[in-house]
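Each chain, written out:
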Amino acid sequence: MDASVPSVFAPIAEEWGMVQARLARAEEHYAAFGRRWAQHLDQMDDRLDLQVDDTGTATVRVGRASGLPMELSILFGELLYELRAALDNCLYAVAVLVSGENPPPNAARLEWPIRLNAADWKNQSSRYRDLPSSITRALEAIQPYQAETPGWNALGILHELARVDRHRSLHGLGIYLTEARLGVRAAEVDVLYLRREGIVDDGDVVARVQPMHGIELSPSNFDLDLQFTVEITSVETSVGPHGEDKRPWGPLDNRLRALIKASREYTSELFDIAADHIAHDASSGAADPTKRN
């Protein structure tokens, strides 16, 4: 047995190792995504186009020579796949451990549950009838519908992102305006419009200003600073833990790290609960390892 596998998981050493490998692979995809995005930034021929009309109104638009590389969407999808698969593999391994059978009872219906409401949990509960109650209670406790802020729940986010990637198409990724700072000399320039944060496409207006009569725009009276990052084009804001309505976990980078962290913690905790169940049965001399507590 691999020395890195805890002895309690010796009967499922291969399955336990598979979960760890999938989580490690997800982190590799995360790192590769970051490298590819940085490479694109270095090569990106973005620009800001300034146009002045007959009234002197100046409009600043985003000009982009090319879209984001598809490789980013593929890496993103592969990361989601590995995380979702790690959860499913974990539950299967736990079922093997507590039942002492491989395949375990009801194997064809086993999947890591991610339910968005209590009714769905109840309707699907028969899938987990052969698992110890300590495990089903733990699984139910982390469901998205139990969260104080469901829109920020890592399992719920992973479920929706992975479902779309698996059953529809690759996620669209785009340029997201994270911050727009516009400095003007108020006595010389009026600010008519400044774009709020969000996805920006080629040709979108990010600022519009009106110089006073006889005033020309120059670095001394007009300074526009824009910050961009990569984001899912379908991203939506949601009320967070502090009452703020913003992108769940903020930037996409933070969201992906939150998904990886949650997947590691949930799988580790479920393995620990299964180990405790085995230890309890061993100390009590239970003949049936799937006996409910």
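The text that follows walks through the structure, step by step, so that each part is easy to find.

As a further point, take the overall build of the chain. The helix and strand tally for the chain stands at six helices and nine strands. The globule rule puts the C-alpha radius of gyration for 293 residues at 19 Å, and the 26 Å found for the chain is more than 25% above it. Each principal axis of the C-alpha atoms in the chain carries an extent, and together these give about 90 × 35 × 30 Å. Taking all 293 residues of the chain together, the buried fraction comes to 44%. A total of about 15300 Å² of accessible surface is found on the chain, and carbon and sulfur atoms cover 49% of it.

So, about the packing of aromatic side chains. Applying the stated criterion to the full structure yields five aromatic pairs. Each ring, one from Phe9 and one from Phe271, has its centre 5.2 Å from the other, and the planes form 55°; the classification is tilted. You can see Phe9 sitting in the segment before α1 (13-43) and its partner Phe271 sitting in helix α6 (residues 252-284), a full 262 residues away along the chain. Aromatic side chains Trp152 and Trp249 sit 5.9 Å apart centroid to centroid with 50° between the ring planes, which places their arrangement in the tilted category. Taken as a pair, Trp152 in the loop between α4 (133-141) and α5 (154-167) and Trp249 in the loop between β9 (245-246) and α6 lie far apart in primary sequence, 97 residues in all. An aromatic cluster of three or more residues is present, and its members are Phe9, Trp16 and Phe271. Positioned above the aromatic ring of Tyr176, the side-chain terminus of Arg247 is 3.9 Å from the ring centre.

Take the pairing of strand β3 (residues 173-184) next. Two elements, β3 and strand β7 (residues 222-232), share eleven bridges in a ladder whose sense is antiparallel. Residue pairing across strands places Gly174 opposite Glu231, the latter belonging to β7. Bridge count between β3 and strand β5 (residues 198-200): three bridges; the pairing is antiparallel. Looking across to β5, one finds that Tyr176 is bridged to Ile199.

Let us look at the packing of α1 against helix α2 (residues 70-99). The contact between α1 and α2 brings their axes to 8 Å, and the two run at 165°. Classed by the angle they form, the pair α1 and α2 counts as roughly antiparallel. The handedness of the crossing between α1 and α2 is left-handed. Looking at the contact of α1 with α2, its residues break down into 18 nonpolar, two polar and seven charged.

Attention now goes to the sheet that holds β7. Taken in spatial order, the three strands make up an open sheet running β5-β3-β7, and their pairing is antiparallel. This sheet does not close on itself; its edge strands, each paired only once, are β5 and β7. With strand direction ignored, the average angle separating the axes of adjacent strands in the sheet is 50°.

To continue, consider the pattern of salt bridges. With the rule as written, the count across this model stands at 17 salt bridges. Across the salt bridge formed by Glu28 and Arg25, the nearest N and O atoms sit 2.7 Å from each other. With Glu28 and Arg25 both in helix α1, this residue pair falls three residues apart, about one helical turn. Judged by its relative accessible area of 40%, Arg25 falls in the partly exposed class.

Over its 30 residues, α2 extends 44 Å from the first C-alpha to the last, a length consistent with the 44 Å expected when each residue adds 1.5 Å. Two residues or fewer after α2 comes Gly100, characterised by a positive phi angle close to 75°.

Okay, a nonpolar patch on the surface next. Residues Met70, Ile74 and Leu170 make up a contiguous nonpolar surface patch of about 280 Å² in total accessible area. Positionally, Leu170 belongs in the loop between α5 and β3. Relative accessible area serves as the criterion here: at 36%, Leu170 is assigned to the partly exposed category.

Once that is clear, we can look at the nonpolar core. Core analysis: the biggest nonpolar cluster contains 70 residues, and Trp112 and Phe271 have the highest contact counts within it. When sequence neighbours within four positions are dropped, the list of residues in contact with Phe271 reads Phe9, Ile12, Trp16, Val19, Gln20, Cys90, Ala93 and Val94.

Rules used in this analysis
Counting of residues starts from 1 at the beginning of each chain's written sequence and follows it residue by residue. For this predicted model, a pLDDT threshold of at least 70 governs which residues receive local features, and a threshold of 80 or more governs which side-chain atom pairs are given and counted, while totals over whole chains, interfaces and linings are taken from all residues. Hydrogen atoms and water are omitted, and side-chain values are computed over all heavy atoms in the structure. Helix numbering and strand numbering both begin at the N terminus, where a helix is a DSSP run of H or I of at least 4 residues and a strand a DSSP run of E of at least 2. Radius of gyration means the value over C-alpha atoms here, while the globule rule gives 2.2 Å times the residue count to the 0.38 power. Throughout this description, buried means an accessible area under 20% of the type-specific maximum (1.4 Å probe, protein chains only), exposed means over 50%, and partly exposed covers the range between. The Shrake-Rupley method, run with a 1.4 Å probe, gives the accessible areas here. Residue values count only the displayed protein chains as cover. Aromatic rings from Phe, Tyr and Trp, with only the six-membered ring used for Trp, were paired whenever their centres fell within 6.5 Å, and each pair was classed as stacked if the ring planes differed by under 30 degrees, edge-to-face if by over 60, and tilted otherwise. By the criterion adopted, a ring carries a charge over it if an Arg CZ or a Lys NZ lies within 6 Å of its centre and within 35 degrees of its normal. Two strands qualify as a pair provided that DSSP identifies no fewer than 2 bridges between them. Fitted lines through C-alpha atoms give the axes, limited to the stretch in contact for helices. The angle between two N-to-C directions lies from 0 to 180 degrees. Convention used here: angles under 35 degrees read as roughly parallel, angles over 145 as roughly antiparallel, angles from 65 to 115 as roughly perpendicular, and any remaining angle as oblique. Helix crossings are classified by the rotation of the near helix relative to the far one: an anticlockwise turn of less than a right angle makes the crossing left-handed, while a clockwise turn makes it right-handed. Gly falls in the polar group here, along with every residue not listed as nonpolar (Ala, Val, Leu, Ile, Met, Phe, Trp, Tyr, Cys, Pro) or charged (Asp, Glu, Lys, Arg). Criterion for a salt bridge: a side-chain nitrogen of Lys or Arg within 4 Å of a carboxyl oxygen of Asp or Glu. A helix is expected to span 1.5 Å for every residue after the first. Every patch collects residues that have over 30% relative accessible area and no salt bridge, joining them within 9 Å if they carry like charges and within 5 Å if they are nonpolar side chains (Val, Leu, Ile, Met, Phe, Trp, Tyr). Only buried residues count toward a nonpolar core, which is a set of Ala, Val, Leu, Ile, Met, Phe, Trp, Tyr and Cys residues joined through side-chain atoms within 4.5 Å. We call two residues contacting when some pair of their heavy atoms lies within 4.5 Å.

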